[in-house]
Amino acid sequence: MKKKALFLALFILLLACTDNPKKNNEINLYSQRHYEVDKMQYRNFEELTGIKVNVIKANADELIERMKNEGENSPADLFITVDVGKLFQASEMGLLQKITIPSLSEKVSKDLMDKNGFWVPITYRSRIIVYSNKRVDVSELSTYEDLANEKWKGRILVRSSSNAYNQALMSSIVANLGTEVSTNWSEGIVKNFARDPKGSDRDQVKAIAAGQGDVAIVNSYYIGLLLSSEKEEELNAGKSISVFFPNQSPDERGSHINVSGVGLAKNSPNKENAIKLVNYLISEEAQKNYVSNSFEYSVNPNIKPDAIVQKWGEFKRDTLDLNLLGKYRQEAIRIFDKTGWK
Amino acid sequence: MYLEVNDLVKFYNKENLVIKKLNFSVNQGEIISFLGESGSGKTTFLKCLAGLENINSGSVKLNKRILNDNNQFVKPQDRNIGFVFQDYPLFPHLNLKDNILFNIDKKYLKKFDYILNLSGLENLVKRFPHELSGGEQQRACLARALIREPDLLLLDEPFSNLDSEIKSSMREEIYRIIKETKTTTILVTHDVNDALNIADRILIFKAGILQQYDDPVNMYCEPVNCYCAKILGDLNKISTNDDIYYLRPENFKVVEKSKFEVIVKKCFFQGKEYKIMASHNGETCYFFSSKPLKVEQRVCLDYKKEDLIYFDSMCRNFFE
Amino acid sequence: MGRIFEFNNENFFYLWDNLLIDYSRNTFHLVLITALFSLLFAVFPAWLISTSSFSGRKFYDIVLYLPLAIPSYIMAFTYSDILSYTGPMQTFLRNNYPQISNFFNKDYLQIEVLGIIMALSLFPYIYTVSRVSFSLLGSNYINVAKNLGLSSFQTFYKIILPLSRPAIFSGLFLVLMEVLNEYGAVKYFGVNTFTTGIFRAWFSMNDVNTATQLSIILLIVVFAVFFIERFLNSKYRYNYKINNNIQNLVESGFYKTIISNIICGIPFMFGFLFPLIFILNNAISTYQKIDLSNLFLLSKNTILVALLTAISVIIFAFFVEFIRKISKGKAYGYINQLISLGYALPGAVIGMGLILLFTKINSLFIEISLIGSLFVLIYAYVIRFMAVGKSPISSSFERHPETYDQTAKNLGAGTFKLFQKLHLPINKFALMVAFILTFIDVMKELPITLILRPFNFDTLATQTYEYAIEEMIPRSSVYSLLIIVIGSILLILLKKTISKSWPN
C-alpha cells in the first residue's frame, strides 16, 4: 500500500517535469500586477480572441532576474510592472524589444509614452501628499521641496526607502533638480520625520489619524483603497485627512507620477499574440475597466477615473521623461542611504 | 570438530588488538562458557562468529563450512547462527509473536507452539516488548533465536540485567531449553557462577588471549595460572620456607593444633556454615568453619600438601 | 560558482560602510528579543504540562502546537492591524475609556513588538522539543532531586534545564534561522536586517555578486553559531537513561492552577486565539466576495505541492539516514550536515540560485525548460525544508540501538529486508512527524513559490500575500484562514502521533 503511494508520487513528479507551456495559441505574462481587475481583463481578452493568457506573478526584480537568467529560452512574452523604473531597467539590460502599436498616440497621452519605444503604459498613479484636517491648513502646503522646511519638524510620515514608489519619487527630484538639491532635500525630510519610515502607505494615513504625524507622502492608489474600505474605523481615518497635489502652481513642474506599463520580451515566443494583448489593454473598453475596478488613472485622457478619485479634482502631472525614473534610481538609493532615510 | 576457530585476530586499530590469535574448538551439543572481564572483547568475539564483524586474519569454520577466513566472508544473514544480545533487543513495533516470527522461513512455523511452550510464553503472544518483564523479554529473544534451529547459539551476558532471584531460575530454565533442543551454545559472561553452573567447558579469556579452556572441575582444581585460579574463587597464599603456594579456602581444616596459626578478624554467617576472614603473619586468608568463631580468637589450620597449587613467579604478580 | 569570487569592491564596501553595521545590529537585536520571548513562551508551559496536572492541562497540551500553523508574516500583518489606531483594541478603548485610550495610542511598528510577534509564531519549535525532552527525562531525576532537598524551581533550574539544554538549543536554532530568513514582516515593520541587506544589494543595486557574498557571510555566521553551540553544549550532551515509567503528574492546588493557566494561556491566546478570531472576523465580513472555485483551486495547488514536497523530503531524508546507519562512514556525517544547510538560506536566494543552476543545465543538456515547472519548484522546497523533515527522522534513528540492526541481520534479514521490515515500521511515527512538519512549512512558504512557480499557479500563501501587500488584509483573510485550518488539523494529528510514540 505504502509502496504504491510512493510510486504514484514519483510518477506525478515525473509528469510534472513535462508540464511546460507549449508554443501555440497562448501568451505568457511575467507580471508584477496581481489585482482582481487584471484577472478580469485577461478573461475578457481570452473570450474575445481565444488566446490563452498564462501569468506568473512576482516582484519585478525577481522577474527581471528570472528573464535575465532564462535568456533565449525564456517563455516570457510580456513583462508588466507597476513601476516604470523596472521597465527602464529591463530595457537597459536588453530584456525587451521595441514594440510598435499602430496609432498609439490616439489612445495614450504623449508624456506617458516611452521615448525609446520599449514599453507601453497602461495606467498611472500619483505620489501625493495627504494631511490632517485638524492640524494642517491647506495653505501651508505647496511642493515636495517645501516638506524639507523646518516648519514640518516631527510631522512627516512616509514609508521606507526600499519602496519602489519612494525610489521613483527621489529619482524624479534628482532628474529635475540635481543630486545636490536632492540630497539636501532628503536630509531635510529625514530631520522632519515624525517616526522612522515603516509600514504601508495605508499605515501612514492611520498614523495621521492617530496623531503621530501631520502629513504623509503616499500613493494615490492606496488612498482610494482606504476610502473604499469595508471597515468603519478605516473610513473614519480616511475622513480625517485630505488629499493635496503638490507642485501645482503655474511655474511648478506638477505632481510626480509613476506608470504601470508593459514591455515586449526580447525573445517573446508569441509576439503577435502579445501585441494583440497590449492593444487590448489600452483599448477604451479595457481602460474603462481599469478605472472602474481600481483607483488608478487611465492613460487615455478621455477616460475619467473612479468617482472617489475624481473628487480630489484634476491635477497637473510632472511631464518628465519617465525613463529618467529608472535611470536615476541608483543615484536615488545612494542619497537615501547617505542621508539616513531608512 | 563442530566449530573451529583458528588463529583468529581482530582489531579496530593495529596498535590495540582486541583478540590475539585465538584457537579453540567446540563439539556439537556442547555449552561453552566464555569467561572474561567486562570490556575484554567478549562481545566482539561473538560478533566475529555471527558475522557482524569481519575478522582480520585466521578462520572460523562451522560444521565443516568456512564462515570467514582471508578469502571468504559469509554474510551474517546467511550463517544460521542465533545471537541473543545483552539488552534483549525485541523490536518495539512488533508484538511477541511477530518478534519471534520476524523474517522467518516458513518451514519453522510449525515449531512456534513448541518453542512457545518450551519458553513458557504461551499467554503473552499479543504483548508488546514494553509490556514484558525482563525475564520474559529474555526468553522471547531466546525463543526467537531457537525457533530457527540455529547451528550455533550465542548468548551475550544473558543474565546480567536480571536480579539475583530470577537469575538462578532463568539460568536453569535456559539450560533446560538449550539441552532439550540440543543446540551448541557459546555463553559469554563475566559471572563465574553462570559459567560453573551451565557450562560443559569453560574458556577463560584475558587481554586478547585464551588463558585456559577446560571443564569446570579441572578449571577449579587445576588452574593453569593465577588469573584463572583467582577468577573461579578465593585463594589463600601460603609461604613455606622456600616458595609460595596457594590454597582454596575449603581445603583448610580447623584443627586443635598445627603450625599454621591465624587470628580471626571477621566471621560471616552463610547459612550452612561460617566463612572466616583471618590474618596470618599480616596476610589475609579465608576458610570455612561449621561453628562461629570469636574475633581475635586464635585458631589452628591444617591442609593437605596435594591441595596446594603452585604457579611460577611471573604469574604471581597477578595477585599483588 | 566562480561568480562568488568576482569581488565587486565598490558595492560591497558601499553597503558595508553605509548599512551593514546597522543591519547586523538590528538583526542581532531582533534575534535576541525573539529568542528570549520564544524561550519564555515555550519552556515554562512545556515544563508545567510535562510535570504537573491542573485543570486545562489537556487542552493546552494540544493547542500550544497550533501557533505553528500561522505564517509569521500573517501574524505580523494581523498584529499590526489589531494594534493600529483603527484596529479593534484602540477603537474599543476610544469608545469606552477615552481617558486612557491616549496612553495606548502608540506606534506599535517597533523592533521589540516585531520580536515578540515573531516569538509568538515561532515558539512552538522550542515548545515541541522541550515537551518531548521533559517527558523523556521522567520522574526519576526529579524524585532524586527532591529527595536531596531541592525545591521545584531548583529542580527545574539545576537538573532539568541542563539535561534538556541540547534539545532546547536545537529548537532555538530553528527559531533563529527563521528570524534570519524573515523578509516580509521585517520590511513591513521597517526593521532592516541582514536579509534586507541581501535584497538591497540584489534588487536595489542590481548586484547579484554582492548579494551572493552577503548570503555566504550569513551562512558562515549561521554555521559558526551552530558549531559554537555544538562545542559549548558538547559537555551537556549527557547520555541519560530514558525513563519509561509513566511519570506521575503533581497535582496542583488552586493558586498553582491559576498560575499555570496564565503561563500556558498567554502564548496560546496571543499566539493563536486572538489572531484567529481577528482573521475569522475579517473572513466572515468578506466571504461573499470570494470566488469559491478559485479558492478550491488554490487549496488543491497548495495541498499538491505540500504533499509532493513532504513525500520527497521524507523519502530522501529516510534514505540518507538509512544509508548512514548501514554504512557507518564518517565522511557521511559532514554530507549529512550539508544537506540541511538550505534552511539557513533565505528562500529567495535558493530560488534564484536554482534558476541559475537550471539555466546551466538547460543550456548544456536538454531542450525543454525546466524552470517554471513543478519539478523545480518542488526541488527548491526540498532543499529549503530538508532540515525540517530530517531532524525528527535523524533523532528517531539515533534513538534505536545498534543491536536492532544486528539482531535483524542475525535473523537473516538482508539490506532490503532491514529497510522494509525494521527501519520503515520502526521509524513510522518519525516519518509522520517529518511529513506533517514539512507539509505545514511548504504550505506557509512564500518567496520560493513566488519566484519559481509555473504559469497560472497560485497557492493560498501567494494569494494571501498579494492581497496583503496591496493593503487589503481583510480580503486575504479567507485564504490565510484556510492555511491556518489545514495546518491546525495536521498539528493536532501530529500531537496524536507524538503521544502515541511517547506516552505521556
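Here the structure is a predicted model, which is why all the values come from computation and not from measurement. (Residues numbered from 1 in each chain as written. Chains lettered and ligands numbered in written order. Predicted model: local features only at pLDDT ≥ 70, side-chain atom pairs only at ≥ 80, totals over all residues. Heavy atoms only, no water.)

## Quick notes on the overall build of chain B
So, point 1. Each helix and strand counted, chain B has nine helices and 17 strands in total.
So, point 2. With the C-alpha coordinates aligned to their principal axes, the bounding extent of chain B is approximately 70 × 45 × 30 Å.
So, point 3. Going through the 320 residues of chain B one by one, you find that 52% of them count as buried.
So, point 4. Per element, the accessible surface of chain B, about 15800 Å² overall, is 46% carbon and sulfur.
So, point 5. Taking the 44 positively charged and 44 negatively charged side chains of chain B as two groups, their mean positions are separated by 1 Å. (Helix = DSSP H or I, 4+ residues; strand = E, 2+ residues; numbered from the N terminus. Buried < 20%, exposed > 50% of the residue type's maximum accessible area, 1.4 Å probe, protein only. Areas by Shrake-Rupley, 256 points an atom, 1.4 Å probe, with all protein chains shown as cover. Lys, Arg positive; Asp, Glu negative; His and termini not counted. Charge placed at Lys NZ, Arg CZ, Asp CG, Glu CD.)

## Considerations on the interface of chain C and chain A
So, point 1. With 72 residues of chain C at the contact, the number on the chain A side is 66 residues.
So, point 2. Carbon and sulfur atoms make up 51% of the surface buried where chain C meets chain A, a total of about 6000 Å² over both sides.
So, point 3. The largest share of the area that chain C buries against chain A comes from Phe455(C), Glu470(C) and Glu471(C), three residues that together contribute 13% of it.
So, point 4. Viewed at the interface, chain A and chain C are joined by seven salt bridges.
So, point 5. Its salt-bridge partner being Glu466(C), residue Lys57(A) comes within 3.5 Å of it at the nearest N-O pair.
So, point 6. Joining chain C to chain A, the criterion identifies 14 residue pairs in polar contact (both at pLDDT 80 or more).
So, point 7. Taken together, the residues of the side of chain C that touches chain A sort by class into 35 nonpolar, 22 polar and 15 charged. (Contact = heavy atoms within 4.5 Å. Buried area = accessible area lost by both parts, 1.4 Å probe. Salt bridge = Lys/Arg side-chain N within 4 Å of Asp/Glu carboxyl O. Polar contact = N/O pair within 3.5 Å; in protein donor to acceptor, adjacent residues only side chain to side chain. Nonpolar A, V, L, I, M, F, W, Y, C, P; charged D, E, K, R; others polar.)

## Description of the packing of helix α3 (residues 72-83) of chain C against helix α4 (residues 88-96) of chain C
All names here are of chain C.
So, point 1. Interhelical geometry of α3 versus α4 gives an angle of 10° and a closest axis separation of 5 Å. With respect to their mutual orientation, α3 and α4 come out roughly parallel. Mapping the contact onto sequence places Asp81, Ile82 and Leu83 in α3 and Pro88, Met89 and Gln90 in α4.
So, point 2. Across the contact of α3 with α4, the residue classes break down as four nonpolar, one polar and one charged. (Axes fitted to C-alpha atoms, helices over the stretch in contact; angles between N-to-C directions. Parallel < 35°, antiparallel > 145°, perpendicular 65-115°, else oblique.)

## Focus on the pattern of salt bridges
So, point 1. Scanning the model with the defined rule gives 49 salt bridges over all chains in all.
So, point 2. For Lys275(B), the salt bridge identified is with Asp234(B), shortest N-O distance 2.8 Å. Within this pair, whereas Lys275(B) is found in strand β15 (residues 274-280), its partner Asp234(B) is found in the loop between α8 (226-232) and β11 (236-239), the two being separated by 41 residues in sequence.
So, point 3. Residue classification places Lys275(B) among the buried positions, given a relative accessible area of 17%.
So, point 4. The partner of Arg453(C) in a salt bridge is Asp458(C), with the nearest N and O atoms 2.9 Å apart.
So, point 5. By relative accessible area, Arg453(C) is classed as buried at 1%.
So, point 6. Relative accessible area serves as the criterion here: at 12%, Asp458(C) is assigned to the buried category.

## A few points about the side chain of Thr459(C)
So, point 1. Considering the arrangement of structural elements, one finds Thr459(C) in the loop between α19 (447-452) and α20 (460-469).
So, point 2. Discounting chain neighbours no more than four positions away, the residues touching Thr459(C) are Leu298(C), Thr302(C) and Thr449(C).

## Digging into the packing of aromatic side chains
All names here are of chain C.
So, point 1. Per the counting criterion, the structure on display carries 49 aromatic pairs over all chains.
So, point 2. A centroid spacing of 5.5 Å and a plane angle of 65° characterise the contact between Phe59 and Tyr60, whose relative ring orientation is edge-to-face.
So, point 3. With a centroid separation of 5.2 Å and 90° between ring planes, the pair formed by Phe103 and Phe104 is classed as edge-to-face.
So, point 4. By relative accessible area, Phe103 is classed as exposed at 57%.
So, point 5. Accessibility expressed as a relative area gives 28% for Phe104, which makes it partly exposed.
So, point 6. Following the ring pairs from residue to residue traces out a cluster consisting of Phe318, Phe319, Phe322, Phe397, Phe416 and Phe419. (Phe/Tyr/Trp six-rings, centres within 6.5 Å; stacked < 30°, edge-to-face > 60°.)

## Side note on the arrangement of the chains
So, point 1. Here two pairs of chains are in contact, and chains A and C lead that list by number of contacts.
So, point 2. There is a clear gap between chain A and chain B: no contact, and 17 Å between their nearest C-alpha atoms.

## Re the interface of chain C and chain B
So, point 1. In this complex, chain C contributes 17 residues to the contact, which on the side of chain B involves 19 residues.
So, point 2. Summing the contributions of chain C and of chain B, the shared interface buries around 1700 Å²; its carbon and sulfur component is 60%.
So, point 3. Three residues, Gln406(C), Asn410(C) and Leu411(C), lead the burial of chain C against chain B; their summed loss comes to 37% of the area buried on that side.
So, point 4. For the pair chain C and chain B, the interface holds zero salt bridges.

## Some points on the side chain of His280(B)
All names here are of chain B.
So, point 1. When you line up the elements, His280 lands in strand β15.
So, point 2. By relative accessible area, which is 16% here, His280 ends up buried.
So, point 3. Contact partners of His280, with chain neighbours within four places excluded, come to Phe260, Glu261, Val262 and Cys285.

## Observations concerning the domain arrangement of chain C
All names here are of chain C.
So, point 1. Segmenting chain C into domains produces domain 1 (19-285) and domain 2 (288-504).
So, point 2. If you average the C-alpha positions of domain 1 and of domain 2, the two centres end up 22 Å apart.
So, point 3. Contact with domain 1, which involves 46 residues of that partner, is made by 37 residues of domain 2.
So, point 4. When the two sides are added together, the surface that domain 1 and domain 2 hide from each other amounts to roughly 3800 Å², 73% of it contributed by carbon and sulfur.
So, point 5. If you look at where domain 1 meets domain 2, you find one salt bridge.
So, point 6. For Lys495, the salt bridge identified is with Asp61, shortest N-O distance 3.1 Å. (Domains from an automatic or database assignment.)

## So, the sheet that holds strand β14 (residues 260-269) of chain B
All names here are of chain B.
So, point 1. Read from one edge to the other, the open sheet built from five strands follows the order β13-β17-β14-β15-β16, with strand pairing classed as antiparallel. Edge positions in the sheet fall to β13 (253-255) and β16 (283-289), since each of these pairs with one other strand and no more. Adjacent strand axes in the sheet meet at a mean angle of 50°, parallel and antiparallel pairs treated alike. (Pairing = 2+ DSSP bridges.)

## Side note on empty space enclosed by the protein
So, point 1. Considering all chains together, one arrives at nine cavities of 30 Å³ or more under this definition.
So, point 2. As for the second largest cavity, its lining consists of 16 residues, and the residues nearest its centre are Arg195(A), Ser84(C), Tyr85(C), Asp107(C) and Leu109(C).
So, point 3. When contributions to the lining of the second largest cavity are tallied by element, the ones reaching two or more residues are α8 (201-209) of chain A together with α3 of chain C.
So, point 4. For the lining of the second largest cavity, the leading source of residues is α8(A), giving three residues.
So, point 5. Residues belonging to the lining of the second largest cavity are distributed by class as follows: seven nonpolar, four polar and five charged. (1 Å grid on protein atoms, 1.4 Å probe; cavity = no way out; pocket = protein on both sides within 12 Å on 5 of 7 lines; lining within 4 Å. Points joined across faces, edges and corners; volume = space filled by probe spheres on them.)

## Points about the packing of helix α12 (residues 292-327) of chain C against helix α17 (residues 415-426) of chain C
The description of two packed helices rests on the angle between their axes and on the distance between the axes.
Residues and elements named next belong to chain C.
So, point 1. In the contact formed by α12 and α17, the axes pass within 12 Å of each other and the chain directions differ by 115°. Taken as a pair, α12 and α17 cross one another with a handedness that is right-handed. Across the interface between the two elements, Phe318, Phe319, Phe322, Lys325 and Ile326 from α12 touch Thr415, Leu418, Phe419, His423 and Leu424 from α17.
So, point 2. Class assignment of the residues belonging to the contact of α12 with α17 gives a composition of seven nonpolar, two polar and one charged. (Left-handed = near helix turned anticlockwise from the far one by under 90°.)

## Side note on the nonpolar core
Note on soluble globular proteins: their nonpolar side chains tend to be buried together.
So, point 1. Ranked by size, the top nonpolar core spans 248 residues in total, and within it Leu29(A), Leu78(A), Phe79(A), Val130(A), Phe189(C) and Leu452(C) carry the most contacts.
So, point 2. Mapped onto the domain boundaries, this core takes at least three residues apiece from domain 1 (19-285) and domain 2 (288-504) of chain C.
So, point 3. Apart from the residues within four sequence positions on either side, Leu452(C) is in contact with Arg66(A), Gly351(C), Leu354(C), Ile355(C), Gly372(C), Ser373(C), Val376(C), Leu377(C) and Ala380(C).
So, point 4. Ile31(B), Leu124(B), Ile147(B) and Cys228(B) belong to the second-largest nonpolar core, a separate cluster that totals 45 residues. (Core = buried A, V, L, I, M, F, W, Y, C linked by side-chain atoms within 4.5 Å.)

## Comments concerning the environment of Arg155(A)
Residues and elements named next belong to chain A.
So, point 1. For Arg155, the position within the fold is in the loop between β5 (119-132) and β6 (156-157).
So, point 2. Overall, Arg155 belongs to the buried group, its relative accessible area being 15%.
So, point 3. Those residues in contact with Arg155 that lie beyond four places of it in its chain are Arg135, Val136, Glu140, Asn192, Ala194, Gly213, Asp214 and Val215.
So, point 4. At 2.6 Å, the side chain of Arg155 forms a polar contact with the side chain of Asp214.

## Quick word on a nonpolar patch on the surface
So, point 1. Together, Phe254(C), Tyr255(C), Ile258(C), Ile262(C), Ile266(C), Met269(C), Phe270(C), Phe274(C) and Ile277(C) line one region of the surface with nonpolar side chains, adding up to about 890 Å² of accessible area.
So, point 2. Counting through the fold element by element, Ile277(C) comes out in helix α11 (residues 254-286). (Patch = residues over 30% accessible without salt bridge, like charges linked within 9 Å, V, L, I, M, F, W, Y side chains within 5 Å.)

## Here's the deal with the state of the cysteines
Residues and elements named next belong to chain B.
So, point 1. Taken as a whole and assessed by the stated rule, the structure comprises zero disulfides over all chains.
So, point 2. A disulfide-free cysteine, Cys300 has its sulfur positioned 12 Å from the sulfur of Cys285, the nearest such atom.
So, point 3. On the accessibility criterion, Cys300 (10% relative accessible area) is buried. (Disulfide = S-S within 2.5 Å.)

## Notes on the sheet that holds strand β7 (residues 152-156) of chain B
All names here are of chain B.
So, point 1. Judged by pairing direction, the sheet is mixed, and its six strands sit side by side in the order β6-β7-β8-β3-β9-β10 without closing on themselves. Two strands lie at the open edges of the sheet, namely β6 (81-84) and β10 (209-214), each paired on one side alone. Taking the axes of each pair of neighbouring strands and ignoring which way they run, one obtains an average angle of 15° across the sheet.
So, point 2. The sheet contacts of helix α1 (residues 42-50) involve β3 (31-35), β6, β7 and β8 (185-189), and relative to β7 the element is tilted by about 155°.

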